[in-house]
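Read off the chains here:
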Amino acid sequence: MNRQNPPDGIEWTRVRNPDGSVRPGYTWNPVAGCFHGCAWEMPDLVMAECYAKGVAEGLANAAYPEGFDHHYWHPDRLDEPLSLKQPAGIFCDSMSDLFGHWVPEDQVRQVLDVMRRTPRHVYLSLTKHAPGLLKYAGDLPDNLWAGVSLPPTHMWGRRTSEGQQYRLLGRALAVLARLEGRIRWLSLEPLCFDTAPLLAQAFAQHGPMLEWLVVGAASAGRRKYQPERAWVESLHAFAHEHDIPVFHKGNLLWPRRRADFPTWQASGQKRVTIYTTRVDKWCARECAAQGIVYLDVTRKSGDQYTPEALRAVGGSGGHFAPTDGLPHHPV
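Residues numbered from 1 in each chain as written. Predicted model: local features only at pLDDT ≥ 70, side-chain atom pairs only at ≥ 80, totals over all residues. Heavy atoms only, no water.

Peer 1: Give me the lowdown on the nonpolar core, citing residues and values where you can.
Peer 2: Ranked by size, the top nonpolar core spans 72 residues in total, and within it Phe99, Leu133, Leu210 and Leu213 carry the most contacts. Top element by residues in this core is helix α4 (residues 162-177). It accounts for 6 residues. In this structure, Leu210 is in contact with Leu173, Leu176, Arg184, Trp185, Leu186, Leu199, Phe203 and Ile244, ignoring residues within four places of it in sequence. The next biggest cluster of nonpolar side chains, apart from the first, holds 15 residues, and it includes Ile10, Val214, Phe247 and Phe261. (Core = buried A, V, L, I, M, F, W, Y, C linked by side-chain atoms within 4.5 Å. Buried < 20%, exposed > 50% of the residue type's maximum accessible area, 1.4 Å probe, protein only. Helix = DSSP H or I, 4+ residues; strand = E, 2+ residues; numbered from the N terminus. Contact = heavy atoms within 4.5 Å.)

Here is the structure:
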């Protein structure tokens, strides 16, 4: 496992807990190698290759004797998360695609079993083969945040048209819509086209299926290629409309950087955030009865009330009082 120390590394592996504290971040790759062959064509026609491929063919080339486009299985790495006593954020396929079509089912299930055995950790996965998630839909651990990546401009050794990118994204979002009861997220690094209209269409067709958006620029060596400002603005507007937290990667140049994480409960309680101007007794009682986590955003500390704490409040009467400008999820 590789620790992702600030300010470098993969920033979003350092997951922020509901109480505001931050977990250490790690990458973990019992499965390695990838067959997707992703690349992104920049406006000046420079090709930005997959960062994992660059690592595999550079600093880590000794670990990839057959090249990056080869499947590697490392069962000796399976127990590594068990040795981490402090709850961590763990990106489980930074050098692979755990749900890629070439990964044997037995290997995937062994990885998922380790996740279940370590509920103290939050695991994050990213796939460009979203249908692969459905094969394990009933077996995905509660502490896995299932993510999909924005389709690249080149994949499988050939260019992908705009229409193909749109269809691939639409298919991925439809898959996430079927994975209810967990954190589902979309990585838009790099943000290479205006995704907001497609996200709005998917939400209208399937209902909400995203709890988190991670957005970044494209990198080709030391060069950074920023997405069009209008694309980022429309994505922000969509996220605001649907109450989706947004995380900006460090390579995205933006006046006000966002580093937001979704509201979550590792215990498997309902993940619902209710924004109110005060903790009223009726709301507290209803939340406690339904096992809903209540976040009072009027408190500077962002205190989170568990159902047990809410039962202590008790009482009756009162009403919801949504905070101006914030979305409101009724019970």
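Resuming the write-up.
Peer 1: Kindly report on unusual backbone geometry, identifying the contributing residues and their values.
Peer 2: Between Pro6 and the following residue, Pro7, the backbone shows a cis peptide bond with an omega angle of 5 degrees. The residue Pro7 is located in the loop between β1 (2-3) and β2 (25-27) in this model. At Asp243, a position not held by glycine, the phi torsion is positive, near 60 degrees. Tracing the sequence through the fold places Asp243 in the loop between α6 (229-241) and β16 (246-248).

Peer 1: Pulling in residues and values, what's your account of the sheet that holds β2?
Peer 2: Strand order in the open sheet formed by 8 strands is β1-β2-β7-β8-β9-β12-β13-β16, and the pairing between neighbours is mixed. Looking at the sheet topology across the chains shown, the edges are occupied by β1 and β16. Packed onto the sheet, α4 meets β9 (144-149) and β12 (184-188) and runs at close to 160 degrees relative to β12. (Pairing = 2+ DSSP bridges. Axes fitted to C-alpha atoms, helices over the stretch in contact; angles between N-to-C directions.)

Peer 1: Report on the confidence of the model for the protein chain, specifying residues and quantitative values.
Peer 2: In this model, the protein chain carries an average pLDDT of 84, and 80% of its residues clear a pLDDT of 70 or more. Low confidence marks residues 267-279, where pLDDT is under 50. Its contacts with residues over four positions away, or in another chain, come to 55 contacts. Counting contacts from residues 293-331, a segment whose pLDDT is below 50, to residues more than four positions away or on other chains yields 98 contacts. (pLDDT = per-residue confidence, 0-100.)

Peer 1: Hey, could you go over the pattern of salt bridges for me, with residue numbers and the actual values?
Peer 2: The tally for this structure, following the rule as stated, stands at 13 salt bridges. The residue Lys53 makes a salt bridge to Glu49 at a minimum N-O spacing of 3.4 Å. When the shortest N-O distance is used, the salt bridge between Arg184 and Glu211 registers 2.9 Å. Placement of the pair is Arg184 in strand β12 and Glu211 in the loop between α5 (196-206) and β13 (212-215), with a sequence separation of 27 residues. A relative accessible area of 6% means that Arg184 is categorised as buried. Three or more residues are tied together by salt bridges with common partners; here these are Glu105, Arg109, Arg116, Lys135 and Asp139. (Salt bridge = Lys/Arg side-chain N within 4 Å of Asp/Glu carboxyl O.)

Peer 1: Summarise the packing of α5 against α6; cite the residues concerned and give the values.
Peer 2: Look at α5 against α6: their axes get within 9 Å of each other, and the N-to-C directions meet at 25 degrees. Between α5 and α6, the interaxial angle falls into the category roughly parallel. Along the contact surface, α5 presents Ala196, Leu199, Ala200 and Phe203, while α6 presents Ser234, Leu235 and Phe238. Across the contact of α5 with α6, the residue classes tally to 6 nonpolar, 1 polar and no charged. (Parallel < 35°, antiparallel > 145°, perpendicular 65-115°, else oblique. Nonpolar A, V, L, I, M, F, W, Y, C, P; charged D, E, K, R; others polar.)

Peer 1: A description of the side chain of Arg14 should follow, citing residues and the corresponding values.
Peer 2: Tracing the sequence through the fold places Arg14 in the loop between β1 and β2. In this structure, Arg14 is buried with no salt-bridge partner, the nearest side chain bearing the opposite charge being Glu11 at 5.8 Å. If we skip the residues at most four places from it in the chain, Arg14 touches Gln4, Asn5, Pro6, Pro7, Asp8, Val22, Arg23, Gly25 and Phe261. (Lys, Arg positive; Asp, Glu negative; His and termini not counted.)

Peer 1: Quick rundown of empty space enclosed by the protein? Include the residues and the values.
Peer 2: Taken as a whole and judged by the stated rule, the model has 1 cavity of 30 Å³ or more. In this model, the largest cavity occupies a volume close to 90 Å³. Lining of the largest cavity is provided by 13 residues; of these, Lys128, Ser149, Pro151, Leu168 and Ala172 occupy positions nearest its centre. Put simply, the parts of the chain that give the lining of the largest cavity at least two residues each are β9 and α4. (1 Å grid on protein atoms, 1.4 Å probe; cavity = no way out; pocket = protein on both sides within 12 Å on 5 of 7 lines; lining within 4 Å. Points joined across faces, edges and corners; volume = space filled by probe spheres on them.)

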